[in-house]
Amino acid sequence: MERVGVGAIRSQAVKRRETATLATLLLRISAALIRTPHHRLGGAIDGAIAEVGDALGADRALVARREPDGIVQHHLWEHGRRNGSAGPVSSDLLPSILGRLEGGRTLVWESRDEFPLTAWRLESLTEQLESGIVVPLQVGGTRGGMLAVIARAPRPWSADAVEAAERLAEMVAAALDRIANQSAVTREQEGRRSAEAESRVLREHLAHAGRVSMLGELAASLAHELNQPLTAIYTNVQAAERFLDRKRPALGEALGALHDLGQDCRRAGEVLGRLRQMFRRHETERVPLAVGPLIEHVLRLLYEDAVGRGVDVVLDVPRDLPLVNGDRVQLEQVVMNLLVNAFDAVMGMDRPREVTLRAAATDGFLGLSILDTGPGIPPNDLDRIFEPFFTRKPNGMGMGLSICRTIIEAHGGRIGARNGRERGSVFELSLPAVKSQ
Ligand code: ADP
């Protein structure tokens, strides 16, 4: 059996890690926000501003918006304190800063002296807002909000810091949009339900509830599957911008990022295409597939993720494996979900953070196992982790493994999990091999 280490991943890692810390943090936050169900988004925004505020060495980070009854601080983080809750803003400073933002441009000040108005300077003294970055927030197409990162001492803010605050503001705005849309939908549903209650019999209600929960599951699974390509698209756009935004643009590298971008878009399109197919009740695709290239493709998509998290991926995949009949995108999704879970599992651990992907042929089946050096799975959870919406992660959706099981069983295979003999967990799946003629 040939053992293929992903040496390229390791050697390039060192070079990139230096510049990638903030970008990686933002990427992780973006992925977490996309994955977070709307009812937990408030907490996720609290966590996001705290992490970025901390990474930028700020003392305070907040999200505030103009509401009918004044400016309301929706999210507040203060260094060394638990996140504060929403509340009206007592200071006069933030409303006037908000006024300044109407032009839609980020405001950066390095010391109180740069404040355009004396009144601001005085206020900043009592408020201890010596320096900061304030980015306008546009939610639901309307301006009138801001994300602020503030320090108590005068200090310069690097271009990276300003860019990070702006990226964070974009993500927070998208999350606030989602929350707003969801409450509009809920209000509409509630109104409709109370009208129906008078005229419909109980059974009709139950049927409706069933449909709604099925749609909810479908939406959750769609959000989950689109998360990966969207995250990859975001990374590649950033990379392309970085390569081009130089005195001497690195055209070759930018082209590479654009090529990957095309692949990511194709992948997102395939996910949606499959959904359309499902509605048309077509069969899913079944073609003979070689798992080697399939695994390679998934690893390319997860490259940044592995590097950013300092995870070593070890492949133990022989070349002469039998083919399997299947839907390439669906099976890629399975491998990807299992790898991302393994990355999540090793993240909290000291090194080695190692994830091993092993493939082998046995008795007419192709077996794949993913082993990690994470904390393993509590015995009581082993039966439940494949259930929809079971999650132990603060920002988890609990759909990944349930989607994996659905896909593998639809392919005539099996999937299970156990703890490793020495450490970590092992996810194993087997698929019927295509008989060779
Ligand atoms: P999510 O990742 O959103 O939580 P999943 O269905 O993919 O949803 O996983 C469900 C749960 O299974 C996780 O929250 C975690 O508790 C557990 N789990 C999955 N993979 C691993 C792993 N490699 N090591 C330890 N626990 C895991």
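Computed from a predicted model, the values in this text were never measured in an experiment.

A. How the structure looks around the overall build of the chain. Secondary structure summary: the chain contains ten helices and 14 strands in total. The long-range share in the chain, meaning contacts at least 24 apart out of those at least 6 apart in sequence, stands at 67%. When the accessible surface of the chain is summed, it comes to about 23,400 Å², and 53% of that surface belongs to carbon and sulfur atoms.

B. Representation of the confidence of the model for the chain in the model. Scored by pLDDT, the chain comes out at a mean of 78, with 76% of its residues at no less than 70. Per-residue pLDDT stays below 50 along residues 196-214; that stretch engages in five contacts with residues further than four places along the chain or on separate chains. Note on residues 279-283: pLDDT under 50 across the span, and three contacts to partners over four residues away in sequence or across chains.

C. Spatial organisation of the site of the ligand. In the vicinity of the ligand, 20 residues are found, and the nearest of them are Asn341, Asp372, Thr391, Lys393 and Gly398. The contact in question runs from a nitrogen atom of the ligand to an N or O atom on the side chain of Asp372, over 2.8 Å. Measuring from an oxygen atom of the ligand, one finds a side-chain N or O atom of Lys393 at 2.7 Å. When isolated, the ligand has an accessible area of 540 Å², and the protein chains bury 94% of it. Only helix 9 (328-347), helix 10 (400-410) and strand 14 (425-432) provide two or more residues apiece to the shell around the ligand. The biggest single contributor to the shell around the ligand is helix 9, with three residues. Taken together, the residues that form the shell around the ligand break down as nine nonpolar, seven polar and four charged.

D. Seen up close, the environment of Pro229. Within the fold, Pro229 resides in helix 6 (residues 202-244). The spatial distance from the C-alpha of Pro229 to the C-alpha of Asp264 is 5.2 Å, given a sequence separation of 35 residues.

Here is what the cut-offs are and how they apply
- Think of each chain on its own: its residues are numbered from 1, step by step along the sequence as written.
- A pLDDT threshold of at least 70 governs which residues receive local features in this predicted model, and a stricter bar of 80 or more applies before side-chain atom pairs are shown or counted, although totals over entire chains, interfaces and linings include all residues.
- Each side-chain value is derived from all of the structure's non-hydrogen atoms; neither hydrogens nor water enter the calculation.
- Comment: elements are numbered from the N terminus, with helices defined as DSSP H or I runs of at least four residues and strands as E runs of at least two.
- In this description, contact between two residues means that some pair of their heavy atoms is separated by no more than 4.5 Å.
- Computed by Shrake-Rupley with a 1.4 Å probe, the accessible areas treat only the displayed protein chains as cover when residues are assessed.
- Per residue, pLDDT captures the predictor's confidence, and it can take any value from 0 to 100.
- Proximity is defined per residue: any heavy atom of the residue falling within 4 Å of a molecule or strand makes that residue near it.
- Whenever a nitrogen or oxygen atom comes within 3.5 Å of another N or O atom, the pair is scored as a polar contact, on the condition that within protein one atom can donate a hydrogen and the other can accept it, and that pairs from neighbouring residues in sequence are kept only if both atoms are in side chains.
- Under this grouping Gly is polar, as are all residues other than the nonpolar Ala, Val, Leu, Ile, Met, Phe, Trp, Tyr, Cys and Pro and the charged Asp, Glu, Lys and Arg.

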